[in-house]
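Results of the structural survey
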Amino acid sequence: MSTARAAGSAIPNPTTRLDAAKDAAWSFVSTMLGEDAASSNQIALVSYGTNANRAQGLTDNSDALYRAIYGGYYGGYYGGGLHTSGGTNIQAGLAEAQSILAADAYQGPKFIVILSDGVPTYSNEGTRATFDQSITDPYDSPYDFRITAFGSSRVGNGSDWKLSRDDMYEVWVNRQIRTVKDNVLPTLSQARLAKDADIEIYSVLMGSDSSFGTGDYKVANHVMSEVASEDTAEDTASGIPHYSTIADGKIDELAKLFQKFSQTIIEKTQVWHVDDPMSQNAIFGGFVDPDNGNLLGENPAGADYDVTKDNHVYWNLQDSDVKPEEIPGKKNQWRYEISYLVTLN
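For the structure given in this document, a descriptive report is provided here.

Definitions and cut-offs
- Residue numbering note: each chain is counted from 1, following its sequence as written.
- Whole-chain, interface and lining totals are the exception, using all residues; otherwise, since this is a predicted model, local features are given only for residues with pLDDT of at least 70 and side-chain atom pairs are given and counted only at 80 or more.
- Side-chain numbers come from the whole structure's heavy atoms, not from hydrogens or water.
- We define the nonpolar core as a collection of buried residues of types Ala, Val, Leu, Ile, Met, Phe, Trp, Tyr and Cys that are connected through side-chain atoms lying within 4.5 Å of one another.
- Accessible area is worked out with a 1.4 Å probe on protein chains only. A residue is then buried under 20% of its type maximum, exposed over 50%, and partly exposed in between.
- Each helix is a run of DSSP H or I of at least 4 residues and each strand a run of E of at least 2, with the numbering of both proceeding from the N terminus.
- Throughout, a contact is declared for two residues whenever any of their heavy atoms are within 4.5 Å.
- At least two DSSP bridges between two strands are needed for those strands to be called paired.
- For helices, the fitted line uses only the C-alpha atoms of the stretch in contact; every axis is such a line through C-alpha atoms, and the angle between N-to-C directions lies from 0 to 180 degrees.
- Any pair of N or O atoms that falls within 3.5 Å is considered a polar contact. Within protein, one atom must be able to donate a hydrogen and the other to accept it, and sequence-neighbouring residues count only if both atoms are side-chain atoms.
- Each angle receives one of four descriptions, namely roughly parallel if under 35 degrees, roughly antiparallel if over 145, roughly perpendicular if within 65 to 115, and oblique otherwise.
- Note: crossing handedness is left-handed where the near helix turns anticlockwise from the far helix by less than a right angle, and right-handed where it turns clockwise.
- Amino acid classes used here: Ala, Val, Leu, Ile, Met, Phe, Trp, Tyr, Cys and Pro are nonpolar; Asp, Glu, Lys and Arg are charged; the rest, including Gly, are polar.

A short note on the nonpolar core
Ranked by size, the top nonpolar core spans 36 residues in total, and within it Leu94, Ile112, Ile114, Ile201 and Val227 carry the most contacts. Of all elements in the fold, only α3 (90-103), β5 (110-116), β7 (145-155), β8 (169-173), α4 (184-196), β10 (199-206) and α5 (216-227) reach the threshold of two or more residues within this core. With 6 residues, α5 is the largest single contributor of residues to this core. Those residues within four positions of Ile114 in sequence are excluded, and the remaining contacts are Tyr48, Ile90, Leu94, Ile201, Tyr202, Ser203, Val204, Met224 and Val227.

Re unusual backbone geometry
The residue Asp140 is not glycine, and still its phi comes out positive at about 65°. Inspection of the secondary structure puts Asp140 in the loop between β6 (123-131) and β7.

Points about the sheet that holds strand β11 (residues 243-246)
Read from one edge to the other, the open sheet built from 3 strands follows the order β5-β10-β11, with strand pairing classed as parallel. The open sheet terminates on both sides in strands that have one partner only, identified here as β5 and β11. Here the strands of the sheet are splayed against their neighbours by 15° on average, with no regard to which way each runs. Strand direction decides the pairing type here: β10 and β11, joined by 4 bridges, are parallel. Along β11, the bridge assignment pairs Met206 with Ile246. α5 rests against β5, β10 and β11 of the sheet, and its axis sits at about 160° to β10.

Here's the deal with the pairing of strand β9 (residues 176-180)
Bridge count between β8 and β9: 5 bridges; the pairing is antiparallel. Note that in β9 the partner of Val171 across the bridge is Arg178. Count of turn residues in the β8/β9 antiparallel hairpin: 2 residues, of which Asn174 carries a positive phi of about 50°.

Description of helix α2 (residues 62-70)
The element α2 is largely enclosed, with a buried count of 8 among its 9 residues. Within α2, burial applies to Ser62, Ala64, Leu65, Tyr66, Arg67, Ala68, Ile69 and Tyr70. Its side-chain oxygen at 2.9 Å from the backbone nitrogen of Asp63, Asn61 defines the N-terminal cap of α2. In the segment just after α2, Gly71 is the residue with positive phi, at about 90°.

Describing the packing of α3 against α4
It is the contact of α3 with α4, at a shortest axis distance of 8 Å, that shows an interaxial angle of 15°. Of the possible angle classes, the one that applies to α3 and α4 is roughly parallel. The two elements α3 and α4 cross, and the hand of that crossing is left-handed. Here Ile90, Gln91, Leu94, Ala95 and Gln98 of α3 lie close against α4, whose contacting residues are Pro186, Thr187, Gln190, Ala191, Leu193 and Ala194. Each residue belonging to the contact of α3 with α4 can be placed in one class, and the counts come to 7 nonpolar, 4 polar and no charged.

Structural data, given as structure tokens:
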């Protein structure tokens, strides 16, 4: 689908951070719901400022998502599109995204891609907590607890990541009282809840040091890098880390970055590894070339197979020697074949 189809005209060149964010979101949608993507892919859109807003629930309808991003009529309703408002409640945005994904019955991989251009100046008040020193403040000092549940009451002044004395509040942690003094701890606690729910998070900080208040870029950089999921060796090798920064002078590259995110997610959501359990009465006897029936042995050169002691054959479909056959009449569906000998005991 071209970017002009739903709009009726080409997307304008990004001139502001908001324009860049809209174009990046649309680039993501166009790839995730494009011709090369799985038919089961769905996307939701959450905007956040002072509060979080579910701009569009999970859908595979690109027209509905276009309306949520750019504004316009669809299905008899008018959408105002993404717009700026108030402060920066990253915690509420993450919580809303996690809520949408948690309510979906789909058991496959789930992802959050989050964009921010500021420090967290709001968060929702925590209601429960547990002792944990894995979360650090912007100065790399560990908090000794993290928040595990949130209410609907909002705290913060909309301009500072630290809470005023009036906004600070107490939570019980295993019969002890701890004081929440900033919006960083709630934000990173919410990200931890999402990651503990097996949601993979990509995050982007937009802006330059000079465009932030004194010391704020360090805070924003810390928050958004810690919000992101930890990179694996495969992520590092791919060149697409979970955390990225985009300087003001390069905001036109944001759409390209989001397209890379979507391409990476498409790869990660494909079924690339097969587990073939053999009968407990079968003894593995070596792989066979399906084309000519020749025995290839237990570890054929150049093929990514693994046979375990628990009588399972594991097969990596991304191996370059694997040659799939496209299923006639089935778009983007492929047949893979593996052959091996067994001896019945």
